[in-house]
Each structure stands twice: as C-alpha cells, then as structure tokens.
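# Topology and contacts: notes
Each chain, letter by letter, is given below.
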Amino acid sequence: MSLASGSSTRRKVPEELKPSEEVSVPSTGTPPASTEEPVAVLPIRPGRPRLHRPSVLPRVLRAVLTVATKSAAIVALLLAWELAPRFGLVDRTFLPPFSEVAQAWWELVANGQLADNAQASLVRSFSGFGIAVAVSVPLGLLIGWYRPVADLLNPLLQVFLNTAALALLPVFVLLLGIGETSKISIVVYACAWPILFNTISAVRTVDPTLLRLAKSMDLSAPRLFQKVILPASVPTIFTGIRLAGAVSIVVLVAAEMIGAKAGLGYLINASQYNFAIPQMYAGIVTISVIGVAFNQLLVAVEKRLSSWRVPATS
C-alpha cells in the first residue's frame with residue numbers, strides 16, 4: 001500500500017492490546033489528528049479569602065466589662081454611703097443614706113430650685129472661664145515666644161500665681177461689690193493662672209526639630225504659629241484649661257457661700273443653716289456631676305483639636 005506524501009498512517013490496534021501497547025508508524029513531522037473532542041477549559045478565578053467578622057457578643061461583653069471596671073469605684077462609694085449610716089457606723093443625722101439624698105435631689109428638681117441655682121452658677125462660672133481662656137491663651141503664646149517679655153513679667157506672674165484666689169475674695173468684694181461682677185472676676189483670676197503658665201510651658205517645649213524644619217521651609221511668623229506652634233501646644237494648653245475648669249466651679253461655690261442670693265453655693269449654705277442636710281448633700285453631688293461633665297466636654301474638644309496626632313503604638 002502506498003502512502004501519500006506529507007501524510008501519516010496509524011495501524012489498527014487490536015482491542016486486546018492495552019493503550020500503552022499501541023503501535024504507530026512514524027510520520028513525516030505532522031502530528032496525527034486527534035479523534036477526541038477538545039475539552040473546554042474554563043479560567044479559574046482565584047477565590048477571595050473569607051473575612052472572619054468578629055462576633056457581636058464578645059464586643060458587647062468587652063464594652064460591659066469596661067463600663068463595669070470604670071464605675072466599680074463609684075458604685076462601691078455609693079454602696080458604702082448607703083450602708084454606713086444604716087448600720088450605725090456614722091451618725092445618719094449628719095450623713096444620711098444616699099437614698100435619702102437622692103430623694104431630696106429629686107424634690108429639688110421637681111420644685112425647680114435645683115435648676116434655678118445651677119443655672120445661676122453655670123452662667124457665672126462659664127463667663128469667668130471663657131474670659132480667662134480668651135485672655136490667657138494669647139498672652140501665654142506671646143510670653144512663651146518672646147523671651148525678653150517672659151523675663152520681664154515672670155517675677156510678677158509668680159507672685160500672683162502663689163496668691164490664693166479665695167484670699168483675695170474680700171478685696172474683690174470691697175472693690176466691685178457683692179454683685180455678679182465680683183463673682184465673675186474672682187473666677188477669671190482663679191482660672192487665668194493655670195491656663196497662662198501651661199500655655200507658656202507649651203510654647204517653650206515645642207520640639208526644636210519641628211521648628212528647624214519649619215524655618216528651613218522659609219515659613220513666615222504667622223504661618224509658623226499656625227502650622228507648628230499651635231498644633232504642638234494644644235495638649236499642654238488643654239491641661240491648663242481642664243485645671244481651670246475645675247477651679248472655676250470650686251472658687252465660684254466658695255464665693256456664692258459668702259454673698260449670693262442664688263447659686264449652688266448659696267443652696268448648700270442655706271441648707272446647712274436650715275439643717276436640711278439631705279438637700280445640702282444633693283447640692284454637693286450636683287456640683288460633682290457638673291464638674292465631671294465639664295471635664296469630659298473639654299477632653300472631647302481636646303481630642304477633636306488633636307486629631308492630627310498619631311496615637312502611640314504599644
């Protein structure tokens with residue numbers, strides 16, 4: 001049998017032979033045509049790794065544990081306050097149980113006395129605190145940046161810093177009277193010094209590397225203050241502002257106890273004279289709650305202004 005040029009033939013393989021025993025005739029180079037149908041090969045897409053989302057329950061448990069840990073000391077204090085008078089450990093005439101204080105607090109809320117006195121105190125405290133911040137922060141930046149001004153004013157500032165505000169309260173009353181002006185002024189005086197000295201310290205402790213980098217970029221003095229000095233000084237400045245916030249309430253309450261017709265200090269003093277001891281403690285608790293809330297507000301503002309800072313990694 002003759003073979004055509006360029007073609008290949010395959011011998012017929014008996015059925016009893018295995019596929020490995022198949023015999024083929026060498027071809028001239030052209031591969032033999034396959035009789036099997038081609039199999040379609042689908043592209044394999046790499047599968048995305050599954051994201052294991054944390055369960056909601058562990059997060060809730062962690063949040064509850066955190067709240068319980070932070071409030072454990074306060075709960076223990078209130079529990080001791082409630083049980084000590086009832087078991088005769090202290091005289092309940094002078095320290096009533098906390099439940100009686102809470103009942104008196106609710107009565108003051110219901111008849112409007114607590115709201116009126118708290119409003120009077122908050123207006124005075126926030127007015128003096130705001131004036132102190134508006135004056136002390138720019139002055140502290142100026143004194144901290146210009147060394148000759150700091151050297152000139154530092155001895156006088158140290159004298160005022162070490163003079164207690166309550167010691168000057170009679171002087172403020174004699175000069176300004178017993179009205180609102182004297183009370184707001186004593187708050188301004190008490191709040192100004194923590195803010196002022198912390199602002200001065202903040203400017204002087206700015207990282208020198210940041211200052212050198214800013215000067216190498218030929219920044220003007222206003223831009224240097226805006227981009228370097230102020231952002232780097234915010235944490236220390238707010239430390240003084242938070243201290244001043246606590247001082248503003250304490251000093252105001254003391255001033256209201258001396259001469260006032262409204263305010264939380266007046267409420268506490270009047271309750272003492274009338275021997276309404278639960279109402280007196282209710283006023284004290286209200287002052288503590290206001291102080292804690294005010295501090296948390298300042299912390300939130302500080303975080304907002306310091307959002308550019310990179311948190312420290314452990």
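Thresholds applied
Residues numbered from 1 in each chain as written. Predicted model: local features only at pLDDT ≥ 70, side-chain atom pairs only at ≥ 80, totals over all residues. Heavy atoms only, no water. Helix = DSSP H or I, 4+ residues; strand = E, 2+ residues; numbered from the N terminus. Buried < 20%, exposed > 50% of the residue type's maximum accessible area, 1.4 Å probe, protein only. Areas by Shrake-Rupley, 256 points an atom, 1.4 Å probe, with all protein chains shown as cover. Core = buried A, V, L, I, M, F, W, Y, C linked by side-chain atoms within 4.5 Å. Contact = heavy atoms within 4.5 Å. Expected span 1.5 Å × (residues − 1). Bend = angle between axes of the 7 residues up to and from the residue. Salt bridge = Lys/Arg side-chain N within 4 Å of Asp/Glu carboxyl O.

### Observations concerning the overall build of the protein
Along the backbone of the protein there are 10 helices and zero strands. From first element to last, N terminus to C terminus, the protein shows the α and β order α-α-α-α-α-α-α-α-α-α. Residues classed as buried in the protein amount to 29% of the 314 residues present. Split by element, the accessible area of the protein, about 21,600 Å² in all, is 66% carbon and sulfur.

### Quick look at unusual backbone geometry
In this structure, Phe275 is a non-glycine residue whose phi angle is positive, near 55°. Here Phe275 is to be found in the loop between α9 (264-273) and α10 (277-305).

### Remarks on the nonpolar core
Ranked by size, the top nonpolar core spans 38 residues in total, and within it Phe129, Leu157, Ile186 and Ile241 carry the most contacts. For this core, the secondary structure elements donating two or more residues are α3 (113-145), α4 (147-161), α5 (169-176), α6 (180-204), α7 (208-216), α8 (221-258) and α10. No other element matches α6, which puts 12 residues into this core. Those residues within four positions of Ile241 in sequence are excluded, and the remaining contacts are Phe129, Ile195 and Leu298. Ranked by size, the runner-up nonpolar core spans 16 residues in total, among them Val101, Leu264, Ile277 and Ala282.

### Here we look at helix α1 (residues 56-86)
An α-helix turns once every 3.6 residues. As a result, residues three or four positions apart point the same way. With 31 residues, α1 extends 42 Å between its outermost C-alpha atoms, agreeing within 8% with the 45 Å of an ideal straight helix rising 1.5 Å per residue. If you look at α1, its biggest bend is around 45°, right at Ser71. Buried-residue contacts for α1 involve α2 (98-111) and α10. Positive phi appears at Gly88, one or two residues downstream of α1, with a value of about 75°.

### Description of the pattern of salt bridges
Considering all chains together, one arrives at five salt bridges under this definition. Note that Glu302 and Arg242 form a salt bridge whose closest N and O atoms lie 3.9 Å from each other. You can see Glu302 sitting in helix α10 and its partner Arg242 sitting in helix α8, a full 60 residues away along the chain. Judged by its relative accessible area of 15%, Glu302 falls in the buried class. According to the relative accessible area criterion, Arg242 is partly exposed, its value standing at 31%.

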